[in-house]
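Architecture at a glance
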Amino acid sequence: MIPYCASMIVPVQITDAMLVSCTVPEPAPGETEWNAATAYTVGQVAIRTTTHHKYKRLVAGTTPALPEADIVNWLDIGATLKWVQFDRKIGTQTTGPSPLTTVLRGGSAEGLALLELQGQTARVRQYDKAITDPAKVLVFERTIDLDGLVVTDVYDWMFGTSEQKLNAVITDLPGQYTSGDIEVTITSSGTVGIGVLAVGRSHSIGAVAYGAGAGIINRGKVNKDGFGGREWRQGDWASRVTLPVIAERFDFPRIHRLLAKQRSTPCIYIGSELAEMEPLIVYGVYRDAYITVSNYSILSYNLDIEGLSNT
């Protein structure tokens, strides 16, 4: 018996042309756009709307050089609030008041991943044309409940506390609409957020057999204080997922080529789309993959995937 289908989403790099709109502005509240005439003090942060990055001042003063080209005076500290959802990093979020709506024109895409979520519902809509076109037709819509509480008995149903579902994936978008828009809306009674919004082609990589697992790589460490004492210093952590995969023998060449091509590309690997199997969704890079032809009709392999770091 094969319990779960396995797939991977190869995300495209989102560009200015692909981002149609977002309810989070740039600069966002609290962000200040860089100005060549401003005398900055050490530690001040300015953003550039052309690069969509934030820069921290290292040396006090005024310099005409653009921050992205002036590494002596400026330190790149990451994406602006609006663009954090596309920075391909775990542990950062685009946040704002509800509803938070982002519209993308990502070309042909069957897969969409929403990771490190904060909110109560996520709604995904896809149109055959631009969202501003009066002749557009809604070709896909799905609303995902982000309450991660798994109800197993009457007590859970009556008294269980709501838990935030962090990750949601869709692997069946109609990819034939290459010029249409995808609208993602996160809603809640308060602040909402998206850590990673990724779209791209979705690929089947077989089926996950029994024995799949998800763990945590803890990057904290014990430090000595110099007086014989030892203390724990918290560090980043990362997900680690192991997927034992089986597939039909005729799929050997396709899967081998796919894994080889994406060997250095962070992808979203999906061991299962069932709500209770959410930990089997990981955004990362696999370590190695050795495919064995188990018998005349079946091949098997293990994917050991290390997720991108969380903070």
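Further up the page is the structure itself.
What counts, and at which threshold
- Residues numbered from 1 in each chain as written.
- Predicted model: local features only at pLDDT ≥ 70, side-chain atom pairs only at ≥ 80, totals over all residues.
- Heavy atoms only, no water.
- Buried < 20%, exposed > 50% of the residue type's maximum accessible area, 1.4 Å probe, protein only.
- Helix = DSSP H or I, 4+ residues; strand = E, 2+ residues; numbered from the N terminus.
- Phe/Tyr/Trp six-rings, centres within 6.5 Å; stacked < 30°, edge-to-face > 60°.
- Lys NZ or Arg CZ within 6 Å of the ring centre and 35° of its normal.
- Pairing = 2+ DSSP bridges.
- Axes fitted to C-alpha atoms, helices over the stretch in contact; angles between N-to-C directions.
- Disulfide = S-S within 2.5 Å.
- 1 Å grid on protein atoms, 1.4 Å probe; cavity = no way out; pocket = protein on both sides within 12 Å on 5 of 7 lines; lining within 4 Å.
- Points joined across faces, edges and corners; volume = space filled by probe spheres on them.
- Nonpolar A, V, L, I, M, F, W, Y, C, P; charged D, E, K, R; others polar.
- Contact = heavy atoms within 4.5 Å.
- Polar contact = N/O pair within 3.5 Å; in protein donor to acceptor, adjacent residues only side chain to side chain.
- Salt bridge = Lys/Arg side-chain N within 4 Å of Asp/Glu carboxyl O.

Turning to the pairing of strand 8 (residues 111-115), a few remarks are in order. Across the five residues that make up strand 8, a large majority, five, are buried. Of the two faces of strand 8, both are covered, the one formed by Gly111, Ala113 and Leu115 as well as the one formed by Leu112 and Leu114.

Right, let's talk about the packing of aromatic side chains for a bit. Scanning the entire structure with this criterion turns up two aromatic pairs. Ring geometry for Tyr40 against Trp74: centres 5.0 Å apart, planes inclined by 75°, an arrangement best described as edge-to-face. With Tyr40 in the loop between strand 2 (19-22) and strand 3 (45-48) and Trp74 in strand 5 (residues 74-79), this pair connects stretches of sequence that are 34 residues apart. Side by side, Tyr40 and Trp74 carry an identical accessibility label, which is buried. Judged by centre distance (5.4 Å) and plane angle (70°), the rings of Trp83 and Phe86 are edge-to-face. Like Trp83, the residue Phe86 is buried in the burial classification. Residue placement shows Lys136 over the ring face of Tyr127; its charged tip is 5.8 Å from the ring centre. We note Arg249 situated over the ring of Tyr296; from NZ or CZ to the ring centre the distance is 4.4 Å.

Quick look at the sheet that holds strand 9 (residues 121-127) now. Judged by pairing direction, the sheet is antiparallel, and its five strands sit side by side in the order 2-7-12-9-10 without closing on themselves. The sheet terminates laterally at strand 2 and strand 10 (138-145), the two strands that pair on one side only. Averaged over all pairs of adjacent strands, the angle between strand axes in this sheet comes to 10°, irrespective of strand direction. Note: strand 2 against strand 7 (residues 100-104), three bridges, orientation antiparallel. For Cys22, the partnering residue across the bridge sits in strand 7 and is Thr102.

All told, the structure shown has zero disulfides when counted by the stated rule. There is no disulfide at Cys5, and the cysteine sulfur nearest it, in Cys267, is 19 Å away.

Time to look at unusual backbone geometry. Glu26 connects to Pro27 through a cis peptide bond whose omega is 0°. Cis peptide bonds are those with omega within 30 degrees of zero, and the linkage from Ser98 to Pro99 qualifies with -5°. Considering the arrangement of structural elements, one finds Pro99 in the loop between strand 6 (94-97) and strand 7. Unlike most non-glycine residues, Glu116 shows phi in positive territory, near 55°. Here Glu116 shows up in the loop between strand 8 and strand 9.

Looking at the largest pocket, its volume works out to about 340 Å³. Along the wall of the largest pocket there are 20 residues; nearest its centre are Glu116, Asn167, Trp237, Ser239 and Ile281. Mapped onto the lining of the largest pocket, the elements with two or more residues apiece are strand 15 (213-218), strand 18 (237-248), strand 20 (281-286) and strand 22 (298-310). Split into classes, the residues belonging to the lining of the largest pocket amount to 13 nonpolar, five polar and two charged.

Here the focus is the environment of Ser204. Secondary-structure assignment places Ser204 in strand 14 (residues 196-208). Considered as a pair, Ser204 and Met8 are 196 residues apart in the sequence and their alpha carbons are 6.6 Å apart. Not counting chain neighbours up to four residues away, the residues in contact with Ser204 comprise Ala6, Ser7 and Arg254. Separated by 3.5 Å, the side chain of Ser204 and the backbone nitrogen of Gly206 make a polar contact.

Attention now moves to empty space enclosed by the protein. Under the defined criterion, the tally for this structure stands at one cavity of 30 Å³ or more. A volume near 70 Å³ is recorded for the largest cavity. Considering the residues around the largest cavity, the lining is formed by Pro11, Val12, Gln13, Ile14, Gln85, Phe86, Arg88, Val196, Leu197, Ala198, Val199 and Tyr283. Ranked by residues supplied to the lining of the largest cavity, first place goes to strand 14 with four residues. Looking at side-chain class alone, the lining of the largest cavity contains nine nonpolar, two polar and one charged residues.

Within the secondary structure, Asn167 is located in the loop between helix 1 (154-159) and strand 11 (168-170). Exposure remark for Asn167: the relative accessible area of 12% places this residue in the buried category. Separated by 126 residues in the primary sequence, Asn167 and Thr41 place their C-alpha atoms 39 Å from one another. Dropping the residues within four chain positions of it, Asn167 is found in contact with Leu114, Leu115, Glu116, Leu117, Glu278 and Ile281.

A few words now on the pattern of salt bridges. Close approach of charged atoms allows side chains with opposite charge to pair. In this structure the tally under the stated criterion is eleven salt bridges. For the salt bridge of Arg105 with Asp181, the shortest nitrogen-to-oxygen distance reads 2.6 Å. Taken together, the residues span a long stretch of sequence, with Arg105 in the loop between strand 7 and strand 8 and Asp181 in the loop between strand 11 and strand 12 (182-187) at a distance of 76 residues. Taking relative accessible area as the criterion, Asp181 reaches 0% and is therefore assigned buried. For Glu306, the salt bridge is made with Arg287, and the minimal N-O distance between the two is 2.8 Å. Here the residue Glu306 occupies a position in strand 22, and Arg287 occupies one in the loop between strand 20 and strand 21 (292-293), the gap between them amounting to 19 residues. Taken together, the salt bridges that share partners define one network made up of Arg219, Arg287 and Glu306.

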